Amino acid sequence: MTTHTTATGPATRVTIPFTEYRALTLDAAAWRLLATSPHVAELLAEWIEWDRRRTARETSNAVSAAADWRAIAAAPTYAELDRRRAVATRVALTPSQIRAQAAASWARVDAWIATREAA
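This structure is a prediction, so every number in the text was calculated from the model and none was measured.

Cut-off values and rules
- Residues numbered from 1 in each chain as written.
- Predicted model: local features only at pLDDT ≥ 70, side-chain atom pairs only at ≥ 80, totals over all residues.
- Heavy atoms only, no water.
- Helix = DSSP H or I, 4+ residues; strand = E, 2+ residues; numbered from the N terminus.
- Rg over C-alpha atoms; globule rule 2.2 N^0.38 Å.
- Buried < 20%, exposed > 50% of the residue type's maximum accessible area, 1.4 Å probe, protein only.
- Areas by Shrake-Rupley, 256 points an atom, 1.4 Å probe, with all protein chains shown as cover.
- Lys, Arg positive; Asp, Glu negative; His and termini not counted.
- Charge placed at Lys NZ, Arg CZ, Asp CG, Glu CD.
- Patch = residues over 30% accessible without salt bridge, like charges linked within 9 Å, V, L, I, M, F, W, Y side chains within 5 Å.
- Salt bridge = Lys/Arg side-chain N within 4 Å of Asp/Glu carboxyl O.
- Phe/Tyr/Trp six-rings, centres within 6.5 Å; stacked < 30°, edge-to-face > 60°.
- pLDDT = per-residue confidence, 0-100.

A. Representation of the overall build of the protein in the model. Scanning the protein from terminus to terminus reveals five helices and two strands. Sequence-ordered secondary structure for the protein, helices as α and strands as β, is β-β-α-α-α-α-α. Rg of the C-alpha trace for the protein: 41 Å, well past the compact-globule value of 14 Å for 119 residues, more than 25% over. Referenced to the eigenvectors of the C-alpha coordinate spread, the extents of the protein come out at roughly 115 × 45 × 20 Å. Across the 119 residues that make up the protein, the buried fraction comes to 3%. Of the roughly 10900 Å² of accessible surface on the protein, 64% is carried by carbon and sulfur atoms. Counting 15 positive and 12 negative side-chain charges, the protein places the centres of these two groups 6 Å from one another.

Shown next as structure tokens:
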């Protein structure tokens, strides 16, 4: 039998059989050997990289979920606005046609105001 006294707290004596003590020391030696293994170091490095990428992916997904991508995608870029301005969507009007349209528009406004005042 082997006796071990803990250093913390009240003095407590724990008695274990020698075979169990030997198994524990062999297990501890195996863990120390495993920790110094280059294969374990490589596996740990791979796991750390995997965890870093997983964290980056989750963070990226959270940021993407927070943004309203439909609204962002619906807003035209400056290049798109420039392209739209360069394309003629209707026949160009002469200055006299533009004046006639403006006069007709103001006439509709004046008629609308007159109907609101009459009511």
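B. View of the environment of A104. Counting through the fold element by element, A104 comes out in helix 5 (residues 95–118). Put simply, A104 and Y78 are 26 residues apart on the chain and 34 Å apart in space, counted from C-alpha to C-alpha.

C. Structural context of a nonpolar patch on the surface. On the surface, W106, V109, W112 and I113 cluster together into a nonpolar patch covering about 440 Å² of accessible area. Position of W106 relative to the elements: it lies in helix 5.

D. Geometry of the pattern of salt bridges. Within the structure shown, the criterion is met by seven salt bridges. The shortest N-O distance in the salt bridge between R54 and D51 comes to 2.4 Å. With R54 and D51 both in helix 2 (residues 38–66) and three residues apart, the pair spans about one turn of that helix.

E. Quick peek at the packing of aromatic side chains. Within this structure, the stated rule accounts for one aromatic pair. Centre to centre, the rings of F18 and Y21 are 6.3 Å apart; their planes meet at 35 degrees, and the pair counts as tilted. Placement of both F18 and Y21 in helix 1 (residues 18–35) is noted, with a separation of three residues, approximately one turn of the helix. Accessibility expressed as a relative area gives 36% for Y21, which makes it partly exposed.

F. Examining the confidence of the model for the protein more closely. On average, residues of the protein score 86 in pLDDT, and 91% of them reach the 70 mark or higher. Looking across the protein, the model is least confident in strand 1 (residues 2–5), with a mean pLDDT of 55, and most confident in helix 5, with 94.

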